[in-house]
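Analysis of the macromolecular model
Listed below are the residues making up each chain.
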Amino acid sequence: MLVGYGKTFTTTKYKLDIALRMGELLTTKPLLQVQKLKQHFPVTAGLLRRQVGTIKAIDGIDFDLMTQQNLGLVGESGCGKTTLARTILRLYQPTEGKIIFEGIDMTHLKSSRLRSLRTRMQMIFQDPQDSLNPRMTVGSIIAEPLDEHTSLKGKERSGRVEELLDAVGLNPRFSNRYPHEFSGGQRQRIGIARALSLNPKFIICDEPIAALDVSIQAQVVNLLEDLQEKLALTYLFISHDLGMIRHISKRVAVMYLGKIVEVGPANELYTNAQHPYTKALLSAVPLHDPGREAKRERIILSGDVPSPANPPTGCPFRTRCPAVEPKCAISVPKMKAIGQEHRVACHCVM
Amino acid sequence: MPTNSNANIVLSVKNIVTQFNTVDGKVHAVNGVSFDVRQGELLGVVGESGCGKSVTMMSLVKLLPMPPGEISEGSAIFEGQDLIQTSINDLQKIRGSEIGFIFQDPMTSLNPVLTIGYQLIEPLRLHKNLSKSAARTRAIELLELVGIPMASSRLGDYPHQFSGGMRQRVMIAMALSCDPKLLIADEPTTALDVTMQAQILDLVRSLRNELGMAIIWVTHDLGVVANLADRVMVMYSGFIVERADVTKLYSKPKHPYTYALLKTLPDMEGDRSHRLESIEGQPPDQLKPTTSCPFAPRCEYAFDRCTHENPQLELIAENHEVACWWDMERHSPRPSTSSI
Ligand SMILES: Nc1ncnc2c1ncn2[C@@H]1O[C@H](COP(=O)(O)OP(=O)(O)O)[C@@H](O)[C@H]1O
Ligand SMILES: Nc1ncnc2c1ncn2[C@@H]1O[C@H](COP(=O)(O)OP(=O)(O)O)[C@@H](O)[C@H]1O
Ligand SMILES: [Mg+2]
Ligand SMILES: [Mg+2]
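The shown structure was predicted, so the numbers you read here are calculated from the model rather than taken from an experiment.

**A few points about the site of ligand 1**
Residues and elements named next belong to chain A. Taken together, 13 residues form the shell around ligand 1, and within it Gly78, Gly80, Lys81, Thr82 and Thr83 come nearest. Take Gly78: an N or O atom from its main chain is 2.6 Å from an oxygen atom of ligand 1. For ligand 1, an oxygen atom lies 2.8 Å from a polar atom in the backbone of Lys81. The fraction of the free accessible surface of ligand 1 (560 Å²) that becomes covered by protein chains is 66%. Breaking the shell around ligand 1 down by element, the ones donating at least two residues are strand S2 (50–65) and helix H2 (81–88).

**Points about the packing of helix H4 (residues 132–145) of chain B against helix H5 (residues 164–176) of chain B**
When two helices pack together, their arrangement is given by the angle between the helix axes and by the axis-to-axis distance. Residue and element names in this part refer to chain B. Two elements in contact, H4 and H5, have axes whose closest approach is 9 Å; the angle formed by their N-to-C orientations is 130°. Between H4 and H5, the angle falls in the class oblique. Where H4 crosses over H5, the handedness of that crossing is right-handed. Along the contact surface, H4 presents Arg138, Leu142, Leu143 and Leu145, while H5 presents Val170, Ala173 and Leu176. Of the residues assigned to the contact of H4 with H5, the class counts are six nonpolar, no polar and one charged.

**What to know about the state of the cysteines**
Between two cysteines, a covalent bond joining their sulfur atoms is known as a disulfide. Evaluation of the coordinates by the stated rule reveals zero disulfides over all chains. Considering cysteine sulfurs only, Cys346 of chain A is the nearest to Cys321 of chain A, which forms no disulfide, with 6.2 Å between them.

**Structural notes on the sheet that holds strand S8 (residues 234–239) of chain A**
All names here are of chain A. Read across the open sheet, the eight strands follow the order S6-S7-S8-S3-S9-S10-S12-S11; overall the sheet is mixed. What marks the edges here is a single partner per strand, and that holds for strand S6 (121–124) and strand S11 (336–339). When strand polarity is set aside, the average angle formed by the axes of neighbouring strands in this sheet is 20°. Taken together, the two bridges between strand S10 (residues 259–265) and strand S12 (residues 342–344) define a ladder with antiparallel strand orientation. Bridge pairing in S12 links Glu262 to Val344. Against the sheet, helix H7 (residues 184–196) engages S6 and strand S7 (202–206), with an angle of about 170° to S6. Packed on one face of the sheet, helix H11 (residues 276–284) meets strand S3 (71–74), strand S9 (251–256) and S10 and runs near 105° to S9.

**Some thoughts on the interface of chain B and chain A**
Taken together, the contact between chain B and chain A spans 42 residues of the former and 44 residues of the latter. Taken over both partners, the interface formed by chain B and chain A buries close to 3800 Å², and the fraction arising from carbon and sulfur atoms is 55%. Broken down by secondary-structure element, the contributors of at least two residues to the side of chain B that touches chain A are helix H6 (194–211), helix H7 (222–225), helix H8 (246–251) and helix H9 (256–264) of chain B. In terms of residue count, H6 of chain B provides more of the side of chain B that touches chain A than any other element does, eight residues in total.

**Let's talk about the packing of helix H5 (residues 138–149) of chain A against H7 of chain A**
Residue and element names in this part refer to chain A. Remark: H5 packs on H7, axes separated minimally by 7 Å, with the N-to-C direction vectors making an angle of 30°. Taken together, the axes of H5 and H7 are roughly parallel relative to one another. When the axes of H5 and H7 are compared, the crossing they make is right-handed. Between H5 and H7, the contacting residues are Val138, Ile141, Ile142, Glu144 and Pro145 on the first element and Ile190, Ala193 and Arg194 on the second.

**What about the side chain of Ser59 of chain B?**
Residue and element names in this part refer to chain B. With respect to the helices, strands and loops of the structure, Ser59 is situated in helix H1 (residues 53–60). The exposure class of Ser59 is buried, given its relative accessible area of 0%. Of note is the side chain of Ser59, whose polar atom sits 2.9 Å from the side chain of Thr18. Of note is the side chain of Ser59, whose polar atom sits 2.6 Å from the backbone oxygen of Val55.

What counts as what
- Residues numbered from 1 in each chain as written.
- Chains lettered and ligands numbered in written order.
- Predicted model: local features only at pLDDT ≥ 70, side-chain atom pairs only at ≥ 80, totals over all residues.
- Heavy atoms only, no water.
- Near = heavy atom within 4 Å.
- Polar contact = N/O pair within 3.5 Å; in protein donor to acceptor, adjacent residues only side chain to side chain.
- Areas by Shrake-Rupley, 256 points an atom, 1.4 Å probe, with all protein chains shown as cover.
- Helix = DSSP H or I, 4+ residues; strand = E, 2+ residues; numbered from the N terminus.
- Axes fitted to C-alpha atoms, helices over the stretch in contact; angles between N-to-C directions.
- Parallel < 35°, antiparallel > 145°, perpendicular 65-115°, else oblique.
- Left-handed = near helix turned anticlockwise from the far one by under 90°.
- Contact = heavy atoms within 4.5 Å.
- Nonpolar A, V, L, I, M, F, W, Y, C, P; charged D, E, K, R; others polar.
- Disulfide = S-S within 2.5 Å.
- Pairing = 2+ DSSP bridges.
- Buried area = accessible area lost by both parts, 1.4 Å probe.
- Buried < 20%, exposed > 50% of the residue type's maximum accessible area, 1.4 Å probe, protein only.

Structure representation (structure tokens):
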């Protein structure tokens, strides 16, 4: 452990930074490795809760995440993003595959070891409204993880809370107020302060800006970037919108029906997308320029993501793909490399 | 398409003032908003959360909770009738037939315990005097029009059996069912995925060409109305601060607030390494009537006049109005006609 809690705890951010930076220099391995990860939920029916089917919410996900090299994860609602996040944090027991965090295989870790590892991985949720207890003051919401995992008390505890409020750009005097007294953007900051309280290395941001005004989205993304720099954080940044994700991600993975269909460096993906699904997602982002909007080629996907309980045969995207061919129904396309770190799973990409 | 003739004005709103009486005092939510919408035109209304977009729309048709809400001034002439002076009973008839509504949350207009078919067919029988079978045929047509697959087999389904995007389509079908002359859409795509949003925007683009009604489209996202609206008006703190043809507003914004809003949008094509622009600070709490420009505390161009005089919306170029003392193009205070 790089940073001790309790008696050795230091309140100066400066010392904390040094400790974290030193830790970072020592790690050359990926911070997080996800290998062949699957999360299948049983579908049950009847009084005896007999299993009648399987929801393949996550169906074979592979990626490595290097320290401070944020990965963006995009896909429509229902494609498995939240399930992947919760499985990585072991809030769900994976059906298959491995999760390796800082070199430790945590797929089957027992609860006590898992508990201490979890302090280093945190999650920020989409709707700050739902994730903050309305009856708790902002101070106690932020201190909850401290109470659970550290022995901080009294002045040290309140000092840490004030420090965290300050770090996310909220007035430290607000700690006695309740969540409803804050705007959506401010509530998201409270959620971020809480996630930072135990000095995590890795934060999964699950659509943290989807519920916010566009002008406030920029503030939150800037804050996350500042904190990353100060605290050497690494993010897995989840969104259904390729617009903002580009700013915060080094690499972007596109997910469809529980599988990654394309992954690559952010710039490469935005300028040279290969998968028809990635192209459709890109064309769905509104351009704030009527001239360019009128000229652009629009790919409008029809319908919703199919149910993962009954996925199409062959390529999962074929039922909505504008470039579908007969061969797409026959087999699931394999991931192939098509450039520097750029991989795609599509039968029609040579 | 918009024209300058006054003959085809569908709705003419003049000086709407709406307040809320709360324990903290009077919230001045809408402070004298005036606008026209013409037949076949799509008017975009944009601004951050809390700037008064919804309260303005709700005031027009009294969907406001009253009390605490109170419309203290203004008129809204629709079909020769002032909606503000119309009784709630008469308004209910107009709302179901002449003016259609779409909201962010479809469940505010869909009844969870009634089938979609019932909710579509009943108003058609009531407002259009259609027979049961004619209403049913029309309901299926409407669901097909908004892109619900296998429409005829879905009439018996309840709202929860539709996904978020499909529910939004059902609501559009309901809003369109009685051939409204005016459709008011209040952030109908804000809670949806970008792909679903793109589907709905595409649908609206084709519907407006087909049906030719007037549409007011409310959103906090300037990106959404860029290729949808004919004209856009930008609201701040219950005032209209800028109004222009869509291309002018995006290429030559004249209010620092519009300019700042445009800069907060991430660029899909440009350089990604620069920091995102954001508008620091918060909109005012609106507990006092303002005597200064409401945007002044957050405005990088503000000078002394802005802090003691609230600028009025003024025509400064063809089809372009702005309420600002600063001329962003000349980098100097705007010579004001009204003050001479
Ligand atoms: N606990 C669960 N039990 C059964 N099915 C689930 C569970 N959690 C998620 N799912 C299903 O898995 C799929 C992926 O859901 P989710 O991960 O929430 O997607 P996303 O976050 O991309 O919107 C959905 O079809 C959803 O209904
Ligand atoms: N029922 C209410 N009671 C008190 N204030 C309200 C009420 N509804 C809206 N307001 C206030 O009116 C202002 C405008 O709100 P609204 O029109 O909903 O904003 P927008 O739709 O632009 O996000 C806000 O300051 C809001 O807090
Ligand atoms: Mg999710
Ligand atoms: Mg609103």
